[in-house]
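So you can see what is in the structure, the chains are spelled out below.
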Amino acid sequence: MATCEHCGTAFSPTEEDARYCCNGCEFVAEMIRDSGFDRFYDLKQGLATAPVRSRPFEEHDFSWASPLITKGEESAATKGGSAAMDCSLEGISCVGCVWLVEKLFEKHPGAIRAAAHPASGRLHLEWQAAQCDVPAFLNELTRFGYVAGPQTNGAPDHERRRLAARLGLCGAFALNAMGFSLPTYLGMPDDFEFAGLFRLITFLSATLAMLVGGGYFIDRAWRSLRAGTLHIDLPIALGLISAYAGSIAGWAMHIEGLRYFDFVATFVFLMLGGRFLQTAAVDRNRRRLLRASPLPTHVASGEDSVALDAITPGLSFLSDPGRAVPVASTVSDVEAEVSLEWINGEADPVVVQPGTRLPAGAILLSRKSLVLRAEETWEDSLLQRLTAADHSERSSPTLQKLLRIYLAAVLVIGIAGLIAWIIAGQTVTGVQVMISIFVVSCPCALGVAMPLADDLAAARAERSGAFVRSPTLWARLRNVRHVIFDKTGTLTLERPVLESPESVDSLQDDAALALARLTAGSLHPIGRTLLEALGARGQRLLSKYAPLEITEHPGQGVSYDDNDHRWTLGKAGWVGDEADGSTSLCCDGQRITSFHFRDTLRPGTSQALAALRARRHQLWILSGDTPEKVRTLAKQLEISESHAHGALDPNEKASRVQEIDHGDTLYLGDGANDSLAFDAAAVTGTPVVDRSLLESKADFYTLGSGLGFLTTLFAVADARARGVRSAFSFALIYNLSAVILCLAGHMSPLLAAILMPLSSIISVLLVSLPKIR
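Residues numbered from 1 in each chain as written. Predicted model: local features only at pLDDT ≥ 70, side-chain atom pairs only at ≥ 80, totals over all residues. Heavy atoms only, no water.

Run through the overall build of the protein, naming residues and quoting values.
Of the regular secondary structure elements, the protein holds 25 helices and 29 strands. Overall, the C-alpha framework of the protein stretches about 105 × 70 × 55 Å when taken along its three principal axes. Across the 773 residues that make up the protein, the buried fraction comes to 55%. Long-range pairs, those at least 24 residues apart, make up 69% of the contacts in the protein with a sequence separation of at least 6. Surface summary for the protein: the accessible area is close to 33200 Å², and the carbon and sulfur share equals 56%. When the 70 positive and 84 negative side-chain charges of the protein are each reduced to one mean point, those points stand 8 Å apart. (Helix = DSSP H or I, 4+ residues; strand = E, 2+ residues; numbered from the N terminus. Buried < 20%, exposed > 50% of the residue type's maximum accessible area, 1.4 Å probe, protein only. Contact = heavy atoms within 4.5 Å. Areas by Shrake-Rupley, 256 points an atom, 1.4 Å probe, with all protein chains shown as cover. Lys, Arg positive; Asp, Glu negative; His and termini not counted. Charge placed at Lys NZ, Arg CZ, Asp CG, Glu CD.)

The following block contains the structure:
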């Protein structure tokens, strides 16, 4: 394994001296060096970030920014001052990114300030009205691997902000409660002038902490009970309610041994801190991708914009380049090229003629919109079923069982302690014993340690190029015994690989310019491969010359005319040169050079599958591609022929997964035809490719080009499990010791206040120590 010099992600090199994990990282690294922004790497400090991939080479639509820019400038004209706008930003992840974005904006005339926020993925811009070309800046950002998009106000981000606000307030309440409880522990007499005031402040601090933070856990515990499940928030809520109610009783009856107000406030703060840590990384990965879904929300029909659920048979509408056809339709006007990879797994583009029936999910590769006639409603569309299926969050059955046993034990022991002391004639002591058992048995240590274990595991996974979206992934990943792969785009790369990069590097400038023009904005996989191969050279040439109109010849290639010369790129033999199976670049019918491509496995695939076999995982291939191709690939990868199935439609894929799955399957796929199989599998992952759909419902996604992340994921899951087991073992010993003290009547609020943070620190150390094997 090697480490990318730009993003820091581990990758499997295809060449001995490879320094970058993808063409995008190589391109951005060159841009940074050429622009004199080398300090970016000093500020980045070796932090692993997401690979750049194809972002700098893609065409990006910033039409959404025009209304925001206009609104900002109108506001500046009305109220005075500078114009401003807020948007989301894909690709930002560290202080180096913040610095680079600010420096890029400062270069533009009229720019005032750019404030990027990696935690929230937001970008705030301020500029002098009518004096700054904001769209030009947004386009420049893409050359450095950052893509701006409209600001979203999703529920996860809103929840994270609320949790952060609760955490900050409860931190202040905890400090107040501890500060004004300290005099009591140091021997403050009851008749001290300010003793009553100190206790009142402690009570108010605990009460506010319960209202602001405790309510979060109590509400979630109540909702889980109503849903018939147990959640770790339930013992937390039980301990909080017991400690707070007992403290009020102790304060009212002047029983010092029942006053746990400082414990309540501190406990709420620590639990909120653990929960915020647990959700922050997951939410960050969920916001990391801004790319629009290939599935449109509306289609254009004449002057109208028609919602998908309003499509009726016979409706004539436009299908835009790069977008999926939402319903089965018939081509109405001209021939075009489409991709059916989403539906049947076939990677090769298909030429369709007027009158051809297209299945739902076909993606238009041509540069111009295509007129189609709908043949069905959205409700009857296969694509509707694939995109509507919901992969709901799943909890760990083991955790459910442990919580059930844990809660039952705490309740039985607490009530037994109360009854025993009442029989002994000491009712007050019995109440104190029961409350203290409920208090010290709160999973405080695990409430902080387990979120930290999840955060550390997610950080380790990111360094291998995998990004976790589900907080319950790790426990389910440990149960996996069957790893199921889609073929095209999952085991193989989503685009063909150029066999001889020197055929691009050796082009004269006029030929390189022609190739850049012919491939810029192309959705064809070969065109995108060639544009990336041109790298920074191609982008520089495109920026120097005005664009020209490109003519498409479906099934053959593309062409344009310039200065009495006709440049073409397409199948060899199309314009008179020799037909030899290559893709040729020609000028006036004379071949300049030819390009040869091959479909290839993702880097490190054989090694990753060998490592999985060594872990005794069963390997499967379920594909919509032809059985012959699937069998050939299975033989190459040493996968049993009985475990390799081709020509499967989405329903058949899902049925196969259901037959295999016993809560122990990991399914890896990238197309719409994998969606139903996703819903049947226990764990799901997807490589983010050019036209991705599944990252929004996967447990994790990967931005790298190889499969090396798989072995890392399982190793990280094992390391996390060892840390969590150590923390559980310590928690068991701690709780048994604390319960014995409680039953003996020796537990006090001071001792509880000392033991709680101490146990949390030890648990944190235990989950931090395990190393990946």
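Picking up where we left off.
Go over the pattern of salt bridges, please, and point to the residues and values.
Tallied over the full model, the rule gives 28 salt bridges. Between Arg55 and Glu90 there is a salt bridge, with the nearest N and O atoms lying 3.1 Å from each other. With a gap of 35 residues between them, Arg55 in the loop between α2 (39–44) and α3 (65–79) and Glu90 in strand β3 (residues 83–90) connect regions that are remote in the sequence. Arg55 sits in the buried class, given a relative accessible area of 5%. Note that Glu494 is salt-bridged to Arg602, the shortest N-O span being 3.2 Å. Of this pair, Glu494 sits in the loop between α16 (487–491) and β18 (497–498) while Arg602 is found in the loop between β24 (597–598) and α20 (605–614), placing the two residues 108 residues apart along the sequence. By the burial criterion, Glu494 is buried, and Arg602 matches it. Salt bridges linked by common partners bring Glu30, Asp34 and Arg540 together as one network. (Salt bridge = Lys/Arg side-chain N within 4 Å of Asp/Glu carboxyl O.)

Give a detailed account of helix α13 (residues 427–440), specifying residues and quantitative values.
For α13, built from 14 residues, the straight-helix expectation of 20 Å at 1.5 Å per residue is met to within 8% by its first-to-last C-alpha distance of 20 Å. Counted residue by residue, α13 has 10 buried out of 14 residues, so it is predominantly covered. Among the residues of α13, Gly430, Gln432, Val433, Met434, Ile435, Ser436, Ile437, Phe438, Val439 and Val440 are the ones counted as buried. (Expected span 1.5 Å × (residues − 1).)

I'd like a description of the packing of helix α18 (residues 509–519) against helix α19 (residues 525–544), backed by residues and values.
Put simply, α18 and α19 touch, their axes get as near as 8 Å, and they point 120 degrees apart. Here α18 lies oblique to α19, going by the angle between them. With respect to the hand of their crossing, α18 and α19 are arranged in left-handed fashion. Mapping the contact onto sequence places Asp509, Ala512, Leu513, Leu515, Ala516, Arg517 and Thr519 in α18 and Gly527, Leu530, Leu531, Leu534, Arg537, Gly538, Leu541 and Leu542 in α19. (Axes fitted to C-alpha atoms, helices over the stretch in contact; angles between N-to-C directions. Parallel < 35°, antiparallel > 145°, perpendicular 65-115°, else oblique. Left-handed = near helix turned anticlockwise from the far one by under 90°.)

So what's going on with the packing of helix α24 (residues 709–743) against helix α25 (residues 749–768)? Residues and values would help.
Interhelical geometry of α24 versus α25 gives an angle of 160 degrees and a closest axis separation of 8 Å. As judged from the angle between their axes, α24 and α25 are roughly antiparallel. Here the hand of the crossing between α24 and α25 comes out right-handed. Residues Gly723, Val724, Ser726, Ala727, Phe730, Tyr734 and Leu741 of α24 touch α25, and the partners they reach there are Leu751, Leu755, Met756, Ser759, Ile762, Ser763, Leu766 and Val767.

Lay out unusual backbone geometry in plain terms, naming residues and giving numbers.
Here the phi dihedral of Ala130 falls at roughly 65 degrees; this positive angle occurs in a residue that is not glycine. Topologically, Ala130 is positioned in the loop between β5 (122–127) and α5 (134–143). Residue class for Ala130 comes out exposed when judged on its relative accessible area of 70%. A positive phi angle, near 65 degrees, is found at Arg616, a position not held by glycine. Positionally, Arg616 belongs in the loop between α20 and β25 (618–622). Looking at Arg616, the relative accessible area reads 72%, which means it is exposed.

Mind laying out the pairing of strand β27 (residues 665–668), listing which residues take part and the relevant values?
Residues Thr665 and Tyr667 point to one face of β27 and Leu666 and Leu668 to the other, with burial holding for every one of them. Bridge count between strand β17 (residues 482–485) and β27: four bridges; the pairing is parallel. The partner of Phe485 across the bridge, within β27, is Leu668. In terms of strand pairing, β27 meets strand β28 (residues 683–687) through three bridges, oriented parallel. For Leu666, the partnering residue across the bridge sits in β28 and is Val683. Remark: the β27/helix α23 (residues 675–680)/β28 crossover connection has right-handed handedness. (Pairing = 2+ DSSP bridges. Right-handed = clockwise from strand over helix to strand, strands pointing away.)

Which residues make up the side chain of Arg166, and what values go with them?
With respect to the helices and strands, the residue Arg166 is situated in helix α6 (residues 155–185). Exposure remark for Arg166: the relative accessible area of 18% places this residue in the buried category. What Arg166 contacts, discounting residues up to four positions off in sequence, is Val212, Tyr216 and Leu272.

Hey, could you go over the packing of aromatic side chains for me, with residue numbers and the actual values?
Centre-to-centre distance and the angle between the planes together describe a pair of aromatic rings. Summed over all chains, the structure comprises 20 aromatic pairs. With 6.5 Å between their ring centres and 55 degrees between their planes, Phe37 and Phe144 make a pair best called tilted. One end of the pair, Phe37, is in the loop between α1 (23–34) and α2; the other, Phe144, is in the loop between α5 and β6 (147–149), and 107 residues separate them in sequence. Overall, the relative accessible area of 9% leaves Phe37 in the buried class. Phe144 gets classed as buried once you look at its relative accessible area, which sits at 3%. (Phe/Tyr/Trp six-rings, centres within 6.5 Å; stacked < 30°, edge-to-face > 60°.)

Account for the sheet that holds β3, with residues named and values stated.
Strand order in this open sheet of four strands is β4-β5-β3-β6, and the pairing throughout is antiparallel. Edge strands, defined here as strands with exactly one partner in the open sheet, are β4 (111–117) and β6. Averaged over neighbouring strand pairs, the angle between their axes works out to 35 degrees when direction is ignored. The sheet contact formed by β3 and β6 spans three bridges and is antiparallel. Note on β6: the bridge partner recorded for Ser88 is Gly149.

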